[in-house]
Structure formats: structure tokens, C-alpha cells
Amino acid sequence: MRIFSKNIKFKNIAYLSSCAIFFVITSCEDDLTKQKGSNSKNFPSTVIKNANIIQRDSGIITLKAFAPILEKYELIDSPYVVATKGMKIDFFDKKNPKPGTITAKYARIFEYKKFYEAKGNVKITTNDGRRFATQSVFWDQRKQRIYTRDTVYTTTPDGSVLVGAHGMTAKDDFTEYKFFKNSGDLDVSHTKLAQ
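Residues numbered from 1 in each chain as written. Predicted model: local features only at pLDDT ≥ 70, side-chain atom pairs only at ≥ 80, totals over all residues. Heavy atoms only, no water.

1. Quick look at the overall build of the protein chain
Okay, step 1: The number of helices and strands found in the protein chain is one helix and 14 strands.
Okay, step 2: A burial count over the protein chain gives 28% of its 195 residues as buried.
Okay, step 3: Across the protein chain, every contact between residues at least 6 apart in sequence was considered, and the portion connecting residues at least 24 apart equals 32%.
Okay, step 4: Summed over all atoms, the accessible surface of the protein chain reaches about 13900 Å², with 56% contributed by carbon and sulfur. (Helix = DSSP H or I, 4+ residues; strand = E, 2+ residues; numbered from the N terminus. Buried < 20%, exposed > 50% of the residue type's maximum accessible area, 1.4 Å probe, protein only. Contact = heavy atoms within 4.5 Å. Areas by Shrake-Rupley, 256 points an atom, 1.4 Å probe, with all protein chains shown as cover.)

Here it is, written out as C-alpha cells:
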């Protein structure tokens, strides 16, 4: 009987060991698949070097963009495009043949939402010569609004300088804009003032 009890003990130990190994392997596989699933979508599906983009409306060029590197993230819930090395955009108006420009060190574009953001030494020059400088700008194309909460420095063609200490909001064609907590130096020699 002793031989029989030893065999049972060894069988029980072997059975318990194999069960333990099975559960350890299974739990490790679950953790790995969860990690791979969350990280597998965190990479660009498309990378374009020296991207030149031209946007047309009814055959007329409305926008030209250049970026050293564009990365497109499509495998996530809210797809977007990133210009990590900066971007320059020329935008055209039917009324004025001279384009306006936007440059920034970083840009992100949410294509489906028609929402754009530019960050890092953002400079905007309108086609009528007004210049805006700030650290970030957000453009909601559907609402046709541009806004920022960062300090904005604006220079008009006559040399006047305005500062919006707490940002600004504007129409996307810059025909109207509003500063928050503004100050500056105005050259009133060329303007008519109400008396």
C-alpha cells in the first residue's frame, strides 16, 4: 500500500503543477494581448516626407501646405494628421491674389471634425499684410473661427502694434477679430477718429 500512496502523491503533485503552469501561462497571454491591443494602434499608418498639399475648390487653389514630415494616425477613434517638424500653409482668397500664410513648429489636423491646431512660434500673415504672432492657434473650420488663449502680438501694415494679453478670437478670414485684455501703440495719423 505504501507504493500505491506514493504514486497518488506524485500524480497529485504533477497534476497541481501542470494546473499552476497552465494558469500562469494563460494569465500572461491575457496581459500580453491587452498590452498589444492598446499599443498596436499608437503608430502612424502613413508617413509622408516633404509633403506638398494643394487644396482646390471648383478648380481654384484655396490652400497650399508644406511639411517636412506628416504622420497620419487612422487606426484610432478620432483619426488625425500630425506635422511634428512644422508646417507652412498658404491660403488664398478669391478677392486677393496674394496669399496669406501660417507657419508653426507643430500642427495637428482632425480631418473629420475639420479642426486644426498649430503650436510653437505660430506666425500668421493675412493677404492684406496684417501679422499675428502667438504660441498656439486653434481653427474650427465648421464654425469659421480661429482662437487662442495665449498672448497675441499683431502688427498692422501701418506699423501699429496691438497686444492681446489673454488671446483673441477671429473669423477665419480675419475680417473681424477681438482681443482679450488688449494694449498697444496705434499710429493714428492715417486714421479718422470720431470727434
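Further notes follow.
2. Quick look at the packing of aromatic side chains
Okay, step 1: Following the criterion strictly, the structure yields eight aromatic pairs and no others.
Okay, step 2: Seen in terms of ring centroids, Y80 and F110 are 5.7 Å apart; in terms of plane orientation they differ by 50°. Their pairing is tilted. One end of the pair, Y80, is in strand β3 (residues 80–83); the other, F110, is in strand β6 (residues 106–110), and 30 residues separate them in sequence.
Okay, step 3: Residue classification places Y80 among the buried positions, given a relative accessible area of 17%.
Okay, step 4: Taking the ring centre of F110 as reference, the NZ or CZ of K113 above it sits at 5.5 Å. (Phe/Tyr/Trp six-rings, centres within 6.5 Å; stacked < 30°, edge-to-face > 60°. Lys NZ or Arg CZ within 6 Å of the ring centre and 35° of its normal.)

3. So, unusual backbone geometry
Note on backbone geometry: most residues besides glycine have negative phi, and most peptide bonds are trans.
Okay, step 1: Of note in the backbone geometry, N121 takes a positive phi value of approximately 55° without being a glycine.
Okay, step 2: With respect to the secondary-structure elements, N121 resides in strand β7 (residues 115–125).
Okay, step 3: Classification of N121 by relative accessible area gives partly exposed; the value is 36%.
Okay, step 4: The phi dihedral of Q144 falls on the positive side, at around 55°, and the residue is not glycine.
Okay, step 5: Its place among the elements puts Q144 in the loop between β8 (131–140) and β9 (145–148).

4. A few points about the pattern of salt bridges
Okay, step 1: Following the criterion strictly, the structure yields seven salt bridges and no others.
Okay, step 2: The shortest N-O distance in the salt bridge between E117 and R108 comes to 3.5 Å.
Okay, step 3: Across the pair K119 and E117 runs a salt bridge, and its minimum N-O distance is 3.4 Å.
Okay, step 4: Overall, K119 belongs to the partly exposed group, its relative accessible area being 36%. (Salt bridge = Lys/Arg side-chain N within 4 Å of Asp/Glu carboxyl O.)

5. Brief notes about the nonpolar core
Okay, step 1: Residues V122, I124, F132, M168, F174 and F179 are the most contacted members of the largest nonpolar core, which totals 15 residues.
Okay, step 2: Among the secondary structure elements, those contributing two or more residues to this core are β5 (96–104), β7, β8 and β12 (168–171).
Okay, step 3: For F179, the contacting residues outside a window of four places in its chain are F132, V152, T154, L162, G164, G167 and M168.
Okay, step 4: Membership of the second largest hydrophobic core comes to eleven residues, among which are A51, A83, A107 and I109. (Core = buried A, V, L, I, M, F, W, Y, C linked by side-chain atoms within 4.5 Å.)

6. Some points on the pairing of strand β4 (residues 87–93)
Okay, step 1: Where strand β2 (residues 60–73) and β4 come together, four bridges link them in antiparallel fashion. If you follow A65 over to β4, its bridge partner there is I89.
Okay, step 2: Bridge count between β4 and β5: six bridges; the pairing is antiparallel. In the sheet register, I89 faces β5, and the bridge partner there is I102. (Pairing = 2+ DSSP bridges.)

7. Side note on the confidence of the model for the protein chain
Okay, step 1: Overall, the predicted model of the protein chain reaches an average pLDDT of 78, with 72% of residues at or above 70.
Okay, step 2: Under a pLDDT of 50 for its full length, residues 26–33 has, in the predicted model, zero contacts with residues more than four places off or in other chains.
Okay, step 3: Scored below 50 in pLDDT, residues 191–195 shows one contact in the model against residues more than four places distant or in partner chains. (pLDDT = per-residue confidence, 0-100.)

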